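Fold and geometry: a report
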Amino acid sequence: MSLRSWLLLCSLFPAVLASVFCVGYFSYVRYQELTLSVIERARQVALPLAISTQDLLSRNNITALKHLLDASHRLNSPLLSNISLLTADNQLLLSTNAQRYNTQQRLQSASELSASGLTVRQDNSILLYLPLQLDRTPGQQANQAYLLLQLELNQLHLQQQTLLFNALLLLLACLLLASFPAVYLLRRIYRPLQTMQQHILQLLSGNNTSQAVENNVDELAQLQQGLNQLGEQLTSQEQDMLQHIEQVTSDLQQSMEQLEVQNIQLDFAKRKAQEENRQKSEFLAKMSHELRTPLNGVIGFTRQLLKTQLSSSQHDYLTTIQKSANSLLHLVNDVLDFSKLEEGRLAVNPEPFSLRDILNDAIELLAANAFDKHLELVLMIEPGCPDDLIADPGRFIQVLMNIAGNAIKFTDHGSIVIRVSATLLNEDQLILHVSVQDTGRGISDDQQTMLFQGFTSKDPRSHQSGSGLGLMISQRLVQALGGNLGFESKQAEGSTFWFTIKCQRHHLSVADCLPLEVLENKQLLYFEPQQHSREAILSLLHHWGLQVTACATKGQLQQALAHQQHYDIGLIGRTIAINQVNQVLTLMQQVKPHCDNTYLLVNTLSPHLRETLLSSGADACLSKPPHIRKLAHTLAQPYLSMNAAETPNQVKQQVSLKVLTVDDNDANLKLINTLLAEQVEQVDSARDGAEAWHKATQHAYDIIFMDINMPVMDGITACHRIRQSSLNEHTPIIAVTAHAVDGERARLLTLGFNEFLTKPLDEKMLQCSLQEFCPASRILPELPNWPASKLVNWPTALERAGGKCSLMKEMLQMLLASVPATREALQHALKNHDSAQLLQQVHKLHGACCYTGVPRLKDLAELIETNLKQGKNLTELEPEFLELDDVLQALYQESQQWSDW
């Protein structure tokens, strides 16, 4: 509300309230007085008249009575409109105005009247009833009557309306009187305020001129004077500010000149830093190459030597060498990852993998260190956690190995429990949650603040001992994988590190199937004193469908043996040392007579202890925690079919391939030749690029493994020269280098190489490369007697399934099961001319055909999908749709005739 509204409200509102109250009150009082005065006047007329009427009526002087009533009517007109005399039985005796009399005005019973009479109010009149008591003679009945006086209210209404009109005029007069002071107040206050408001607007617009003070209100005059002073001060300050701006502008110009000089210096410093960073990257790459090259030979030949017949001491020495070399390689990888982190180019390569396989492989690597410290190492994976995922398995395991390795390193006694669970986000995505709980010394509050900084620890016993890079790199890796990493720790109570990563579900099976069918409903006796290990193995065995009797103490074991006389499988888990062998042997002797097959789970890798336990009667001895695949195959081995059990060990057959290897390092060259000699028939070698190019011009090779950094001629130049030759123009060339920096693979692929392998090499890497680029090296299993089919290419279907017959059968069954629904959806979409629905169904069918070995159906679906994406009319594609429907129908009908496949 504006000031004017407030002034009017504060001045007029009280006056209005007082005027309305006073006028209303006095008008109401006068209004009621008028009504009461009319009724009172009527009573004053009626009482004497009733006395006179009663006397005349008792003497039966009707003539005098009539004159009396008429005279009373005339004297009190226009107040009275009619005077009637009625008997007790409501018979009209006399009426001064018969036209105004109405029979409805009669009383029902005159005896009901009281001595004071009765007054009845109607719309425009008032009826006054007065009883008449007549004298009676003895022996005669009382002769009663009553008078009816009818009063008109027209004059009363006129007086009341006149009263209301006068009250309204009085109210208006009061309001007018009250408005004059309000208007005067507004003129004295509001106009000066408007003037001051205009003055303020002028000040805001920059016009600081003073205005004359003419105001009779002292406060407003002082306010106007203050505004004038403010304008003068603003004018003075504006002048000072302009002078200051000129000075600052001059100083700023000088500063800009200095900044230009500094920018030039910073640009030189930046270029210098970039050059130093480039030199550092080149140095790290060179160091990586120089370190990986000898490590390739050390690790490779150690693996080869471990395959030979060795004494126990020699085996232990070689295992130690391999561990040391792997530790050094791990440190090199940490340094390279740290360099990539600084440059913001840490690579993440998502690919399908089996979660349980890589976790169990990692636990096997960690088990040795846990056994050395007599720690309980446990892996718990929730049964509902999906196994086939898409993420970066290498980075995932790198984070897990760093965290679990630290847990083992800083735990002197107790357990290390690794828990894995999953939270589904939707049908295709999930969050994988991994926690590593230890019972170590914990982390102090000071160390917790610096845990992920790297190179900050001064305490060699803290979690940051070593390179100081593991946890920092793990945190960055987890963030790159779309997750978080955190921990909870209390000193002297242990720590729990956890991390999450975002994964996608892979709808095809990556791992080989486990032989779980033969284990279903088998009776298994399980003895394990350690709680965490017992819970993990129990969850796994129950998920596999075995009927497990679990025992935690020797007393429970004795009860179980006494309760049930025989079990199919006995599984004994124990922590073991040299002085505890006899205890394990005693348990074996107790359990073995009650079980068909007895297996041991022990926390040792010592071959001597394992041989001792096996010689005591155990059917197999596995390390704790057991690898899920090894445990399943070990338990199922006695129950597999005789043909599968008696299949002779396949001897590695050399593939008829001619391979060229190129490396300037004799140890690496000898290693790759040794590994390839077990897989291919002929291997040629060259010690530099020039020699390799010379041999490539004389012989045709099936595949070439080329080192990059070599004297005389490097690998890239040699690759270009070989590509130009006619003999090996299309020969696959695989780059083999220890230069493992990010982006190296993409660079080499653009330079003409077919693939990129990093050192150190192993048999698996070479075998995969041979199978990928040399079809002749793919040894497919002997095909069973598949049903005859004109539409299914069984070898192609088996190849699409990676050689897994069960996976091939499952994928083909899924395609066949979807054929009726697909045909119906296609026909419905064609009928409605729904191009979008047709494209969706054909695309889905095309995707299913890519992995099921139905080439005709795949080609037809691909052709229709391409045409639909190009916007072709459905009428033009009608022949293709008809052919597609015929092929789908023929495939489905053909599959119904396959009795057993």
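This text follows the structure it describes.
Description of the structure in this document. Note that the coordinates shown come from a computational prediction; the quantities given were computed from them, not determined experimentally.

**Some details on the overall build of the chain**
Looking only at helices and strands, the chain has 25 helices and 22 strands in total. The proportion of buried residues among the 901 residues of the chain is 42%. Carbon and sulfur atoms form 53% of the exposed surface of the chain, whose accessible area is close to 49,600 Å².

**Some words on the sheet that holds strand β1 (residues 80–87)**
Within the open sheet, the 5 strands sit side by side as β2-β1-β5-β4-β3. Their pairing is antiparallel. Looking at strand neighbours, the two that pair on one side only are β2 (92–95) and β3 (118–121), the edges of this open sheet. Direction aside, the axes of adjacent strands within the sheet are offset by 20 degrees on average. One ladder, built from 4 bridges, connects β3 with strand β4 (residues 125–132); its direction is antiparallel. Looking across to β4, one finds that L118 is bridged to Y129. Helix α2 (residues 62–75) rests against β1, β2 and β5 (145–152) of the sheet, and its axis sits at about 155 degrees to β1.

**Overview of the pattern of salt bridges**
When their charged atoms lie close together, side chains carrying opposite charge are able to pair. Enumeration according to the criterion identifies 16 salt bridges in this entry. Close ionic contact of R629 with D357 constitutes a salt bridge, the shortest N to O distance being 3.0 Å. Separated by 272 residues along the polypeptide, R629 in helix α14 (residues 628–636) and D357 in helix α6 (residues 355–372) bring together distant segments of the chain. Side by side, R629 and D357 carry an identical accessibility label, which is buried.

**Describing the packing of helix α16 (residues 666–677) against helix α20 (residues 763–773)**
To describe two helices that pack against each other, one gives the angle between their axes and the distance between the axes. The contact between α16 and α20 brings their axes to 10 Å, and the two run at 60 degrees. The chirality of how α16 crosses α20 is right-handed. In contact with I672, L675 and L676 of α16, α20 contributes E763, L766 and L770. Among the residues forming the contact of α16 with α20, the class breakdown is 5 nonpolar, no polar and 1 charged.

**Overview of the nonpolar core**
If you look at the biggest cluster of nonpolar residues, it comprises 45 residues, and the most contacted ones within it are L355, F396, I418, V420, L432 and F499. Breaking this core down by element, the ones donating at least two residues are α6, β7 (376–381), β8 (388–391), α7 (393–409), β9 (415–424), β10 (429–438), α9 (470–480) and β12 (494–505). Excluding anything up to four places from it in sequence, V420 contacts L355, L359, L379, M380, I381, E382, C385, L432, H433 and V434. Membership of the second largest hydrophobic core comes to 31 residues, among which are A829, V854, L857 and L874.

**Quick notes on α7**
Residues spaced three or four apart along an α-helix face the same direction, because each turn holds 3.6 residues. With 17 residues, α7 extends 23 Å from end C-alpha to end C-alpha; this agrees with the ideal 24 Å at 1.5 Å per step. Burial analysis of α7 places 13 of its 17 residues in the buried class, the great majority of the element. Residue D392 occupies the N-cap position of α7, its side-chain oxygen lying 3.2 Å from the main-chain nitrogen of G394.

**A look at the sheet that holds strand β17 (residues 620–623)**
Hydrogen bonds between backbone atoms are what pair the strands of a sheet, whose relative direction is either parallel or antiparallel. Read across the sheet, 5 strands follow the order β14-β13-β15-β16-β17 without closing on themselves; strand pairing throughout is parallel. Of all strands in the sheet, those with a lone pairing partner are β14 (547–551) and β17, marking the two edges. With direction set aside, neighbouring strand axes in the sheet form an average angle of 20 degrees. Both strand β16 (residues 595–602) and β17 contribute to a ladder of 4 bridges, which runs parallel. Looking at the pairing, L600 lines up with C621 of β17.

**Thoughts on unusual backbone geometry**
Of the consecutive residues K624 and P625, the connecting peptide bond is found in the cis state with omega at -15 degrees. Positive phi, normally seen in glycine, also occurs at N60, with a value near 65 degrees. Structurally, N60 is set in the loop between α1 (3–58) and α2. On the accessibility criterion, N60 (57% relative accessible area) is exposed. With a phi angle near 65 degrees, V712 is a residue other than glycine that sits in the positive phi range. Of note, V712 is situated in the loop between β20 (703–707) and α18 (715–724).

**Side note on the pairing of β8**
Where strand β6 (residues 351–354) meets β8, 4 bridges bridge the pair, whose relative direction is antiparallel. In the strand pairing of β8, S354 is matched with D388. Relative to β12, β8 is paired through 2 bridges, and the arrangement is antiparallel. Bridge pairing links I390 to Q504 in β12.

**Digging into the environment of T549**
With respect to the helices and strands, the residue T549 is situated in strand β14. Overall, T549 belongs to the partly exposed group, its relative accessible area being 23%. Sequence separation between T549 and A560 is 11 residues, and the spatial gap between their C-alpha atoms is 7.4 Å. When neighbours within four sequence positions are excluded, T549 is seen to be in contact with L524, L525, Y526, A560 and Y567.

**Overview of the environment of I443**
Along the chain, I443 turns up in the loop between β10 and α8 (445–449). Expressed as a C-alpha distance, the spacing of I443 and F410, which sit 33 residues apart in the sequence, is 9.9 Å.

**Considering the packing of aromatic side chains**
The tally for this structure, following the rule as stated, stands at 6 aromatic pairs. Relative to Y25, the ring of F21 has its centre 6.4 Å away and its plane inclined at 15 degrees; by these criteria the two rings are stacked. Of this pair, F21 and Y25 are both found in helix α1, 4 residues apart, which corresponds to roughly one turn of the helix. Members of the aromatic cluster, connected to one another through ring pairs, are F21, Y25 and F26. Taking NZ or CZ as reference, K522 lies 4.8 Å from the ring centre of Y639, over its face. Between the NZ or CZ atom of R721 and the centre of the ring of W693, over which it lies, the distance is 5.0 Å.

**Quick look at the pairing of strand β15 (residues 567–574)**
If a strand is regular, its side chains alternate between the two faces of the sheet. The element β15 is largely enclosed, with a buried count of 8 among its 8 residues. Sheet topology note: the strand β13 (residues 523–527)/β15 ladder contains 4 bridges and is parallel. Bridging from a neighbouring strand, F527 pairs with I572 of β15. Note: β15 against β16, 7 bridges, orientation parallel. The residue bridging G570 from the neighbouring strand is T598, located in β16.

Parameters at a glance
Residues numbered from 1 in each chain as written. Predicted model: local features only at pLDDT ≥ 70, side-chain atom pairs only at ≥ 80, totals over all residues. Heavy atoms only, no water. Helix = DSSP H or I, 4+ residues; strand = E, 2+ residues; numbered from the N terminus. Buried < 20%, exposed > 50% of the residue type's maximum accessible area, 1.4 Å probe, protein only. Areas by Shrake-Rupley, 256 points an atom, 1.4 Å probe, with all protein chains shown as cover. Pairing = 2+ DSSP bridges. Axes fitted to C-alpha atoms, helices over the stretch in contact; angles between N-to-C directions. Contact = heavy atoms within 4.5 Å. Salt bridge = Lys/Arg side-chain N within 4 Å of Asp/Glu carboxyl O. Left-handed = near helix turned anticlockwise from the far one by under 90°. Nonpolar A, V, L, I, M, F, W, Y, C, P; charged D, E, K, R; others polar. Core = buried A, V, L, I, M, F, W, Y, C linked by side-chain atoms within 4.5 Å. Expected span 1.5 Å × (residues − 1). Polar contact = N/O pair within 3.5 Å; in protein donor to acceptor, adjacent residues only side chain to side chain. Phe/Tyr/Trp six-rings, centres within 6.5 Å; stacked < 30°, edge-to-face > 60°. Lys NZ or Arg CZ within 6 Å of the ring centre and 35° of its normal.

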